[in-house]
Structures are given as structure tokens and as C-alpha cells.
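These are the residues of each chain, in order.
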Amino acid sequence: MKFWVQYVQYYMDHYSSVVITKEEGLPDLRDKLFISVLLITFPICLLVYIPSIIVSIKTNQFIIGLFDTIAMLVLVLIFFIKYLSIKNKKLLFNATFYILSIVLSIYLGIKGPSFTILICTSVMITLFQSKRAGLISIALNAIIFLFIMAIVPIKSTSLTFFQEYTLVEWIGVGVNLIAFNTLLVFSVASLVNRLNESFLKEKNLLASLKRESLHLMIAKQKAEESDRLKSAFLHNISHEIRTPLNAITGFSALLTVPDNSLEEQTMYIESILKGSDQLLSIVNDIIDISSIEAKSANNQLSKVNLNSRIEKLCNQFMPVASEKNISLIFKTAFSSERTEILTDQSKFDRILSNLISNAIKFTLKGQIILGYELKDSEIEFFVSDTGIGIPSELHSKIFENFYQVEQSFDRLFEGTGLGLSICKALVGHLGGKIWLHSESGSGSTFYFTLPFVQPVPITDARTRAPESEKTSLPRQITALVAEDDDINFSLIKSMLKTQNIKVIHAVNGIEAVEICRSQKNIDLIIMDIRMPGIDGYTASRQIREFRPDVVIIVQTAYYEDKEAALKSGCNDFISKPFSKEQFISKIRENIDLS
Ligand code: ADP
């Protein structure tokens, strides 16, 4: 089989102009069949030619010898002439055998190979050309028989062929031959069609198999990549968590030693706070990425003064930059009054903080410049550094979850690989885009845009400018804190201590509902979600039925909690962990203090 395929290929390369296309349709199949038949017929005819010439000379049938030679020469022509088109080759091939079979039948009579060749020619025509051509050849055969039957009664013809049978016998032979011929042509035509159908089916199957295996390969590569990134993330995260945790536990233990000096105590407390901030930022990253994955796009729009926000952020990062001897420069574009836009301040802060913190982290010396420009209906922000830069082929990768350019375990820079994917998602939520210009070793500039939407006066209590969190509330309010965890309750109680807020504790959802029912003076409920008995959602729903006016703020750790809490009738939510400032401003936003 292998030899045959090589033989066909060799012939097509050297002696044929046929180009078998990859689009294997019926015409291609017929061309292939013709070439195969030609390759078998040619050597067989060559072998048969010599003895048949000898026989024709010995029996003085020179005409047969002559036609045999002509047929052989035409076959050689068909076989070797490369530039003869396949269509003409087929035509010549069929015509040669047709004429040969008629000549043979006339000279050798019905007992010779003539009728076999005639039938074979019809079959080959059906095979190479079409069913229609095959039927035409049958019609031609029928005409030949009619012609013979017309000649037979004329006894004067000298050719023995016509005298061999009586008219009735000729009719019998002719009808049988044509019937057999028709049967063969129809069978071959249907065979070719079936063959073609199964070729097409096989081809489609192969194509879909190829597609499937390609999809599988891509999915496998993605799964492997995500597995690798997750392992790297877990390795980083355990390092990123353990380091600040180590500082917190270590310095907390040192604080309990009785003979610490005041300076030492201050230093320990500062280190504990620094460690907690680091830990909080990691936890925030993880919470943010999971909430982004849960498609959180709720923007809390408010008036944001760009100059003062950016200055505030710069001041926040100034100590870290100075520690590394890096200058942090803010280039203002407009005067303060013109830079007010309507956007989600916490998302804006998060995007810019991540970019500034990265710029500081990946810059060893030099400067960081940040600023913005108004471009048509958008504001384009930039954070440019003189740091280590990023190879251009990784520019899109670094926005993927967990991706870090430096991936070895002894990496120089800390991080979880989540900052930029959070930036990208948040910029998307705010209706902008993010990109960068950078080359390895020559610094990076990150750009992002936000729609330039000028604020209109907003009356919503949520968007009122925050009052000073340091002063207590203008009137006393009563807050019910539904919290099963004692430490969390103590923390909340301490945060509310100086705020003119009377605190009542409920240790689970059932107790929260009961207290609310019995004490009508409760203005605010701080509701935990996961509690024994009934959970925070159910408790909120039940309370809403008899206290439609009470403000319920849910403290949550998961994004899904926020959506469900709002559906259960709660007014607002605050994500754990939260600072005292965030907590108080959340209460002020929701409580009517007039
Ligand atoms: P990480 O927590 O590692 O900083 P990010 O998602 O913020 O995660 O950034 C992903 C990666 O992009 C970083 O690990 C770093 O390789 C590269 N990168 C981000 N910002 C910069 C920058 N300013 N200069 C050089 N590389 C950067």
C-alpha cells in the first residue's frame, strides 16, 4: 500500500500536471481514480502488447496488430506527456479503448475480448467522467448493436463477425449485453457517489477532530498556565501574609514585656500598624478580585476633585518613596476648581494607588511623575517611572490575574500579581481603558482614561461631603450590633465609643429580632451575616416587616453578601475589614442626623 501511494505520488510529481487539491470533492476523486487505473493499465497493456503483436503477425491479422500498436502509442502519450490536461487524457484514454473494442469485435468476432473491453470502457467512463457520460456510452453501444442487427440480414457482407450468429441470437446477445452494461454503469455510479460521501464525511470528521483537539490543547495550556500561576500565587501569598503577620505577632508579644521604654513601645506599635496595613492591602486585593470576578460594577458616583485626591495619594506614598530616595512629582494640569469630575472615588483611589505603589516598588532610583491631561471627552492619567521596565511582549500578560514578570521563587519584589488586574477591571467599570508604554530597563508609563463627566449638584445623602469623623454625632442614637464574635463586637464597640452612640449587643439573629421588637428606640442596626440560629439576611427581612424606618448596615466579607443584603431590605453594606473612619462615615451617610 505504501509502495502504491509512493508510486502514485511519483507519477503525479513527474508525469502529470494534475494538482490534487486539498478540497477533495467528486471531481478530485474521479481524477485520482483515473490516475490509479492508468498506472495499472499502462504496464499491463505493455506486457500484453508484445504477445498480441506476435499472434497477429502469425495469424496474418495485420489490421489488429496495427490498431494494437496505435492504441499502445496513444497510451504511451497519455502516460508520459506531462502537459496534456487530465480532461484530455481521460478523453483520449476512453476513446482509444472504445475504438479498439469495436475494431477487435469486428475482426475477432464475438468470442474475442472486444465486448469485455466495450463494457469495461463504459464502466471506466462512468468512473472517470460522470454517470451521464456512462449512460451516453451505453446508448452508443445500443446503436452499435442496432447497426449489427441491421447488417446481419444482408448476407452479402464478407466479415465473418456478422455471419457468426442469426438475427435472433444477435438480439439475445445485444439485449443481455446492454442490460448488463446498464447494471454495471448504475452500480459503479452509485459506488462512486457513496465513496465520495464517505470521503466527505471522513474529511468533515477529521476537520472537527482537528478543531476539537486544538480547543483541547488550548484549554490544556490555559489550565496548566492557570495552575502554574495559582501555585506561584499561593507561594507568594503565604510569604506576603507570613511576613507582616510575623511582625504583628512578634511585636505584640514584645509589648507584653513589662519593662519596655515608651520609645520601644511606640516603635512596636508602629510596626504592628505597618504590618496590619500590609495584611489589609493583601486581603483587600483578594476581596476585590473575587468581587470583580463576581461582576461588581456598582459605581458609587460622587464629586471628586482630582488635584486634591492625587495630592492626598502622593502624600500618602511620599514616605515610602523618600525611604528609597525616589522623588514623587505630581504635575497638575488645571486649577483646582476645574478638576472636579463625577466618578467613584474609592475605585479611582484604588487604581492610582496600585499604579503609584508599583512604580515605587519597581523603581530603584530616579523619579516618578504622575499627572493627567484632558483629551476630548476623557481625562488621561499617567504614572511614569524610571524603573526596571517591562518587555513589550508581556504588556498584555501583566494585566492577567497573578501574572508577574519575575516569577522565580527568589524574586526581588514582593506582590501577589493582582494589582494590575484589579486596575484593569476597575478602569473598565468606570468606563475607561488602561495601557502602558515600557521597555525592559527603560522605565514604564502606565496610562488610564476616565470619562470627563462634570458633576451636577447632588442632593443624595450618600454623596454629601463627609463631615469630620473626629467630632461625635450631633444627637445621640441607639445602635444594635448583631455580632456573634466577641472580638469583633469589642472592636465595633470601641470604634463607636466617642461617637455619641448607645450600643446594644445581640449575639445572634433571633436575639436581634427580639430586641428590635421590644425596644422601639433603635435607630441603627449593624448586622453580621453569618450567625448561628438565623442569619443576617433573614433577621433583616423579619425586622423590616415591623420596622420599615430603621437603618440596617450589613458588615460583609463576600461580594455575594452585598447583593443579597440589599435584596433583604438592608440600607447599605461595609466590607470587612474596615477602619474606624470608614465605619463612622458609612453611619453618617445613612443616618438622618437633623
Ligand atoms: P504585583 O503584586 O506583583 O505588583 P501587579 O498586578 O500589580 O502585581 O503587577 C504585575 C506585574 O507587572 C508585576 O509583578 C511586575 O512584574 C510588573 N509591573 C507592574 N508595574 C510595574 C512597573 N511600574 N515597572 C515594572 N514592572 C511592573
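This text gives an overview of the structure that appears in the document. (Residues numbered from 1 in each chain as written. Predicted model: local features only at pLDDT ≥ 70, side-chain atom pairs only at ≥ 80, totals over all residues. Heavy atoms only, no water.)

## Here's the deal with the packing of aromatic side chains
Any aromatic ring pair is given by two values, namely how distant the centres are and how the planes are angled relative to each other. Scanning the model with the defined rule gives 15 aromatic pairs in all. Judged by centre distance (4.9 Å) and plane angle (70°), the rings of F79 and F80 are edge-to-face. Residue classification places F79 among the buried residues on the basis of a relative accessible area of 6%. Its relative accessible area of 39% is what places F80 among the partly exposed residues. Ring centres of F348 and F448 lie 6.5 Å apart, and the angle between their planes is 55°; on these two criteria the pair is classed as tilted. Residue F348 is located in helix α11 (residues 345-361), and its partner F448 is located in strand β7 (residues 444-451); the two are separated by 100 residues in the primary sequence. For F348, a relative accessible area of 0% translates into the label buried. (Phe/Tyr/Trp six-rings, centres within 6.5 Å; stacked < 30°, edge-to-face > 60°. Buried < 20%, exposed > 50% of the residue type's maximum accessible area, 1.4 Å probe, protein only. Helix = DSSP H or I, 4+ residues; strand = E, 2+ residues; numbered from the N terminus.)

## Quick look at the nonpolar core
In terms of nonpolar packing, the biggest core is built from 49 residues, with I310, F348, L352, L355, F381 and F448 touching the most fellow members. Per-element accounting of this core gives the leading share, seven residues, to α11. Discounting chain neighbours no more than four positions away, the residues touching L352 are I310, L313, L370, V383 and F448. Of all hydrophobic cores here, the second largest spans 30 residues; its members include Y11, L100, L127 and V192. (Core = buried A, V, L, I, M, F, W, Y, C linked by side-chain atoms within 4.5 Å. Contact = heavy atoms within 4.5 Å.)

## Some thoughts on the sheet that holds β7
Taken together, the five strands give an open sheet; going across it, the order is β2-β4-β5-β7-β6, and neighbouring strands pair in mixed fashion. Two strands bound the open sheet, and with one partner strand each, they are β2 (326-331) and β6 (434-438). Neighbour-to-neighbour, the strand axes of the sheet open up by a mean angle of 15°, direction not taken into account. Relative to β7, β6 runs antiparallel, the two being bridged by five bridges. Bridging from a neighbouring strand, W435 pairs with Y447 of β7. Along the sheet face, helix α10 (residues 306-323) touches β2, β4 (366-375) and β5 (378-385) and points at about 175° away from the line of β2. (Pairing = 2+ DSSP bridges. Axes fitted to C-alpha atoms, helices over the stretch in contact; angles between N-to-C directions.)

## Some points on the site of the ligand
N358, D385, Q404, T416 and L420 are the nearest of the 21 residues found near the ligand. Here an oxygen atom of the ligand sits 3.0 Å away from a polar atom, N or O, in the main chain of V405. Relative to its unbound accessible area of 530 Å², the ligand is 97% covered by the protein chains. When residues of the shell around the ligand are traced back to their parent elements, those giving at least two are α11, α12 (419-429) and β7. Tallied by class, the residues present in the shell around the ligand amount to 10 nonpolar, eight polar and three charged. (Near = heavy atom within 4 Å. Polar contact = N/O pair within 3.5 Å; in protein donor to acceptor, adjacent residues only side chain to side chain. Areas by Shrake-Rupley, 256 points an atom, 1.4 Å probe, with all protein chains shown as cover. Nonpolar A, V, L, I, M, F, W, Y, C, P; charged D, E, K, R; others polar.)

## What about a nonpolar patch on the surface?
A contiguous nonpolar patch, built from I40, I44, L47 and V48 and spanning about 390 Å² of accessible area, is present on the exposed surface. Position of V48 relative to the elements: it lies in helix α2 (residues 26-58). (Patch = residues over 30% accessible without salt bridge, like charges linked within 9 Å, V, L, I, M, F, W, Y side chains within 5 Å. Salt bridge = Lys/Arg side-chain N within 4 Å of Asp/Glu carboxyl O.)

## A few points about the pattern of salt bridges
A complete count under the given rule lists 10 salt bridges for this structure. Note that K433 is salt-bridged to E378, the shortest N-O span being 3.9 Å. Linking K433 in the loop between α12 and β6 with E378 in strand β5, this pair joins segments that are 55 residues apart in sequence. Overall, the relative accessible area of 46% leaves K433 in the partly exposed class. Between D572 and K586 there is a salt bridge, and its shortest N-O distance comes to 3.5 Å. With a gap of 14 residues between them, D572 in strand β12 (residues 572-575) and K586 in helix α17 (residues 580-590) connect regions that are remote in the sequence. For the pair shown, D572 and K586 are each scored as buried.

## Side note on the side chain of R544
Here R544 lies in helix α15 (residues 536-546). No salt bridge is formed by the buried R544, whose closest oppositely charged neighbour, D549, lies at an N-O distance of 6.1 Å. In this view, R544 contacts D549, V550, I552, S568, G569 and N571; residues no more than four positions away in its chain are not counted. (Lys, Arg positive; Asp, Glu negative; His and termini not counted.)

## Concerning the environment of V427
Position of V427 among the secondary structure elements: in helix α12. Classification of V427 as buried rests on a relative accessible area of 0%. In sequence terms V427 and F448 are 21 residues apart; their C-alpha atoms lie 7.3 Å from each other. With residues up to four places along the chain from it excluded, the contact list for V427 reads I351, G432, K433, I434, F448 and T449.

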